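# Geometric and topological summary
Here is what each chain is made of, one letter per residue.
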Amino acid sequence: MKWRKADLQTYFQSKEYIDTVIVPLIPFGIASDVEAEKAAIQAEMITLLSHELEKELTGRILLAPIYSYLKSADRQTEIARMNMWSAEMKEQPFKHVFMLTFDPSWKKYEQELESTLLWLPAVQTGELNSKEMQKTVREQVGQMVELIRAYWQ
Amino acid sequence: MSDEKQQVSRRQFLNYTLTGVGGFMAAGLLISPIRMAIDPVLKGSSAGDLANVGLAVDDITSEPQRIDWTIDQVDGWYESEVNRSAWVYRNENDEIVAFSPVCKHLGCVVSWEGSDQHPNEYYCPCHDGRYYKDGTNVPGTPPLAPLDEYEQEVKDGMLFLGEPKPRGEA
């Protein structure tokens, strides 16, 4: 399910079947050109990836709106905020909360998060709309589905 | 010699020209109402909506295979390229069957033999939904209807697929 009216109506009727939330994390920062470009590619990729993932597992996951944070922000503050998100969602009750990111800096703080961090190495070569990229994304999605299914069991 | 060539008089020349130009203008005036009147005939048939999915008919076996293609879809505000997928195989009667992979329970994507425990079935990873090879839902599992089947056509040895159509209870 996506965060949109039509999907939510289905969600309300079948709440007991939808027990997983995916939150895409996107860093933002425009101080350095190179870093900004990297962050933008990450944003595009993670949007694409999360939508494809949502398509595969529509009936069991809710794709939350993108959580964006400043690249320069203090991680502890962000972690506290992210944990507030997780707590809010777990009350609903969603059993599984996944944070989806390309930003390796979260890996260090994984223990402090009250959700499951899914960190993926970003693919930064090639055009987003190329056939190869489509294939890569599809393969990545396939593996993420496997991973998420492992948590469901 | 030059006398013989002058067979068209000035009056005739004018007549010919005026008839020609007048006829052309009349045709121009008439064409739009006529076009409008027969408009439905000029529209492409619905078969034109079927998309070539890039699969040769000869490559279709009795083992379901997943194919992916894109179509242009206009949906309110958005015109977008939409990815579609299907599971295609040949059944016992040698007919081509193309199923939509969208689970009839809550819309996850099913895969052929997606679970080791359930060989020879379509499997939905979200809530253990299952379907037999012919697309009918396994009773007792979450889905309540068979998988949708695509409209299809074979042209020049290639498979064309249209819209997925729901099938009744089997």
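Below is a summary of the structure that appears in this document. (Residues numbered from 1 in each chain as written. Chains lettered and ligands numbered in written order. Predicted model: local features only at pLDDT ≥ 70, side-chain atom pairs only at ≥ 80, totals over all residues. Heavy atoms only, no water.)

### Re the interface of chain A and chain B
The interface is formed by 15 residues belonging to chain A together with 13 residues belonging to chain B. Across the interface of chain A and chain B, roughly 1200 Å² is buried in total on both sides, 50% from carbon and sulfur atoms. The interface formed by chain A and chain B holds two salt bridges in total. With a shortest N-O distance of 3.6 Å, Asp68 of chain B and Arg138 of chain A are connected by a salt bridge. Summed over the shared surface of chain A and chain B, the number is four residue pairs in polar contact (both at pLDDT 80 or more). Of all the secondary-structure elements, those providing two or more residues to the side of chain A that touches chain B are α2 (33–56) and α4 (131–152) of chain A. (Contact = heavy atoms within 4.5 Å. Buried area = accessible area lost by both parts, 1.4 Å probe. Salt bridge = Lys/Arg side-chain N within 4 Å of Asp/Glu carboxyl O. Polar contact = N/O pair within 3.5 Å; in protein donor to acceptor, adjacent residues only side chain to side chain. Helix = DSSP H or I, 4+ residues; strand = E, 2+ residues; numbered from the N terminus.)

### A look at the nonpolar core
In terms of nonpolar packing, the biggest core is built from 35 residues, with Ile22, Leu53, Leu57 and Ile148 of chain A together with Val110 and Tyr122 of chain B touching the most fellow members. Elements that contribute at least two residues to this core include exactly β1 (20–28), α2, β2 (61–63), β4 (96–101) and α4 of chain A together with β3 (78–90), β4 (96–99) and β6 (122–124) of chain B. Ranked by the residues each element gives to this core, the list is headed by α4 of chain A, at seven residues. Listed in part, the 22 residues of the second largest apolar core include Leu8, Leu25, Tyr69 and Leu117 of chain A. (Core = buried A, V, L, I, M, F, W, Y, C linked by side-chain atoms within 4.5 Å. Buried < 20%, exposed > 50% of the residue type's maximum accessible area, 1.4 Å probe, protein only.)

### Re unusual backbone geometry
Cis geometry is found at the peptide bond from Gln92 of chain A to Pro93 of chain A, where omega equals -5°. One non-glycine residue, Asn120 of chain B, lies in the positive phi region at around 65°. Mapped onto the secondary structure, Asn120 of chain B falls in the loop between β5 (111–112) and β6. What makes Asn120 of chain B partly exposed here is its relative accessible area of 48%. Non-glycine residue Asp156 of chain B carries a positive phi angle of around 50°. As for its placement among the helices and strands, Asp156 of chain B is situated in the loop between β8 (149–155) and β9 (158–165).

### Let's talk about helix α1 (residues 5–13) of chain A
Residues and elements named next belong to chain A. For α1, the set of buried residues is Asp7, Leu8 and Tyr11. Down the axis of α1, the sector holding all buried residues measures 100°, keeping them to one side. Across α1 from its buried face, at more than 90 degrees, point the exposed residues Lys5, Phe12 and Gln13. The secondary structure elements touched by the buried residues of α1 are α2 and β2. (Arc of directions from axis to C-beta.)

### Observations concerning helix α3 (residues 75–90) of chain A
Residues and elements named next belong to chain A. Here α3 is 16 residues long and its end C-alpha atoms lie 22 Å apart, about the 22 Å a rise of 1.5 Å per residue gives. Restricting attention to buried positions, one finds in α3 the residues Arg75, Glu78, Ile79, Met82, Asn83, Ser86 and Met89. Looking straight down α3, one finds that the buried residues subtend no more than 135° of arc, so they occupy a single side. Along α3, the residues that are exposed and aim more than 90 degrees away from the buried face are Met84 and Glu88. Summarising the contacts, the buried residues of α3 are in contact with β1, β3 (67–70) and β4. (Expected span 1.5 Å × (residues − 1).)

### Description of the environment of Pro121 of chain A
Residue and element names in this part refer to chain A. Take Pro121: it is sitting in the loop between β5 (116–119) and α4. Between the C-alpha atom of Pro121 and that of Pro104, which follows or precedes it by 17 residues, the distance is 7.8 Å. Setting aside residues no more than four positions away along its own chain, Pro121 makes contact with Phe102 and Gln140.

### Description of the packing of α2 of chain A against α4 of chain A
All names here are of chain A. Interhelical geometry of α2 versus α4 gives an angle of 55° and a closest axis separation of 9 Å. Looking at the two axes, α2 sits oblique to α4. Once α2 is placed against α4, the crossing between them reads as right-handed. Side by side, α2 and α4 meet where Met45, Leu48, Leu49, Glu52, Leu53 and Glu56 of the first sit next to Met133, Val137, Arg138, Gln140, Val141, Met144, Val145 and Ile148 of the second. Classifying every residue of the contact of α2 with α4 gives 10 nonpolar, one polar and three charged. (Axes fitted to C-alpha atoms, helices over the stretch in contact; angles between N-to-C directions. Parallel < 35°, antiparallel > 145°, perpendicular 65-115°, else oblique. Left-handed = near helix turned anticlockwise from the far one by under 90°. Nonpolar A, V, L, I, M, F, W, Y, C, P; charged D, E, K, R; others polar.)

### Brief notes about the state of the cysteines
Residue and element names in this part refer to chain B. For the structure shown, the criterion picks out one disulfide over all chains. There is a disulfide in this structure between Cys108 and Cys126, and the S-S distance comes to 2.2 Å. Taking the sign of the torsion about the S-S bond as the criterion, the disulfide between Cys108 and Cys126, at about -95°, is left-handed. Taken together, the residues span a long stretch of sequence, with Cys108 in the loop between β4 and β5 and Cys126 in the loop between β6 and β7 (129–131) at a distance of 18 residues. By relative accessible area, Cys126 is classed as buried at 1%. Cys103 provides the cysteine sulfur closest to Cys124, a residue in no disulfide bond, and the two sulfurs are 3.8 Å apart. (Disulfide = S-S within 2.5 Å.)

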